[in-house]
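Results of the structural survey
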Amino acid sequence: MFSILPFFDVVRRAFSNTSGTTFVGFRNFATVLQNEAFLLSAKNTARFILTSVPLLLFLSLLMACYINARIVHKGIVKAVILFPMVIPVSTTTLFCRLLFDDAGMMNGTIRAFGGDPIRWMDSGYVFWVLVLLYIWKNIGFCVILWCAAMDAIPKEIYETAKLDGAGFFTRMGRIILPILSASAFIIVLLLVLNSFKVFRESYMLTGNYPHRSIYMTQNVFNNWFQSFSVEKMAAGAVIVALVLAAFVMMLQKRLMMRLDER
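Remember, it's a predicted structure, so these values are computed and weren't measured experimentally.

**Some points on the packing of helix α8 (residues 125–151) against helix α11 (residues 181–195)**
It is the contact of α8 with α11, at a shortest axis distance of 11 Å, that shows an interaxial angle of 160°. Our classification of the angle between α8 and α11 gives roughly antiparallel. The interaxial crossing formed by α8 with α11 has right-handed handedness. Facing α8, whose interface residues are Tyr134, Asn138, Phe141, Cys142, Leu145, Trp146 and Ala149, α11 presents Ser183, Ala184, Ile187, Leu190, Leu191, Asn194 and Ser195.

**What about the nonpolar core?**
Most often, soluble globular proteins have nonpolar side chains that are buried together. Counting residues in hydrophobic clusters, the biggest one holds 61 residues, and the most contacted among them are Phe48, Tyr134, Trp146, Met150, Leu180 and Leu191. If you list the elements that add at least two residues to this core, you get α2 (27–33), α3 (36–70), α6 (89–100), α8, α10 (168–179), α11, α13 (217–226) and α14 (230–261). With 15 residues, the top contributor of residues to this core is α8. When residues no more than four places from it in sequence are discounted, the contact partners of Tyr134 are Phe48, Ser52, Val53, Leu56, Leu191, Asn194, Ser195 and Val198.

**Remarks on unusual backbone geometry**
A positive phi is found at Phe228, a non-glycine position, where the angle reads about 60°. You can see Phe228 is positioned in the loop between α13 and α14. On the basis of relative accessible area, Phe228 is assigned to the exposed category, the value being 64%.

**As for the pattern of salt bridges**
Summed over all chains, the structure comprises five salt bridges. A salt bridge links Arg13 to Asp9; the shortest N-O distance between them is 3.1 Å. Residue Arg13 and its partner Asp9 are located together in helix α1 (residues 4–14), separated by four residues, close to a single helical turn. Since its relative accessible area comes to 25%, Arg13 is described here as partly exposed. Among the ionic pairs, Asp101 bridges to Arg97, the shortest N-O distance being 3.4 Å. Exposure remark for Asp101: the relative accessible area of 28% places this residue in the partly exposed category. Arg97 sits in the partly exposed class, given a relative accessible area of 32%.

**Remarks on the packing of α3 against α13**
Any two packed helices are characterised by how steeply their axes cross, that is the angle between the axes, and by the distance between the axes. At their nearest, the axes of α3 and α13 sit 7 Å apart, and the two run at 150° to each other. In terms of orientation, α3 and α13 fall into the roughly antiparallel class. Listed contacts from α13 to Ala37, Phe38, Ser41, Ala42 and Thr45 of α3 are Thr217, Val220, Phe221 and Trp224. Each residue belonging to the contact of α3 with α13 can be placed in one class, and the counts come to six nonpolar, three polar and no charged.

**Some remarks on the side chain of Asn219**
By secondary structure assignment, the location of Asn219 is in helix α13. Looking at Asn219, the relative accessible area reads 0%, which means it is buried. Non-local contacts of Asn219, meaning those with residues more than four positions away in its chain, are made with Phe199, Ser202, Gly207, Asn208, Pro210 and Ile214.

About the thresholds
- Residues numbered from 1 in each chain as written.
- Predicted model: local features only at pLDDT ≥ 70, side-chain atom pairs only at ≥ 80, totals over all residues.
- Heavy atoms only, no water.
- Axes fitted to C-alpha atoms, helices over the stretch in contact; angles between N-to-C directions.
- Helix = DSSP H or I, 4+ residues; strand = E, 2+ residues; numbered from the N terminus.
- Parallel < 35°, antiparallel > 145°, perpendicular 65-115°, else oblique.
- Left-handed = near helix turned anticlockwise from the far one by under 90°.
- Contact = heavy atoms within 4.5 Å.
- Core = buried A, V, L, I, M, F, W, Y, C linked by side-chain atoms within 4.5 Å.
- Buried < 20%, exposed > 50% of the residue type's maximum accessible area, 1.4 Å probe, protein only.
- Salt bridge = Lys/Arg side-chain N within 4 Å of Asp/Glu carboxyl O.
- Nonpolar A, V, L, I, M, F, W, Y, C, P; charged D, E, K, R; others polar.

This is the structure we're talking about:
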């Protein structure tokens, strides 16, 4: 009622004028796809996802493997690494400003060593600040999901592999990753969806018009909302939804192929 039905109304408005009373065909889609701000935001969003999600997957998988193999009190460690998720966004962004502001700790350290300060928030560096913030906030969630999936693997498989002389990377490539393929599908899907929520951090860090390297789709939608460009918002939302649906179907197809091979 509160998700599907409103989305159908968005689809209707994507083919209508601003008031939603006149059918205009694909004119709104053509306007959106020719809009430089939307194209820039789509490019930056894709770059952010393709950069942050693989990094987060790799780092969280390594941490999960280490926790499962080396840590005795796993419950305490899992609770600690989930801590960034419960910190309010305002506190997180304030912490980032203390680090990366023009007069922040990073520039203070650089000055102490005789270097020139860096404008972290007003240059291309802000993209990597946002990636780092996204990874720090979500890595605990990923580690918990990986650990839960690894706990479902029978211990006999590990023991047999060790008896056969399989090292860490052999066990990872031949045992862990193939078995975790179904879990990886869910984790990747959740991370991609969560990557669209990074607008909160981006907005509180840099405002309504951030550096062009972190101008995301949420920024352009927010600007269109303020200018009451409902038809462009609707068309852009439908385009994003179609891209996400295609991405999910591609992941699901690869998962089914992997399961059929097994």
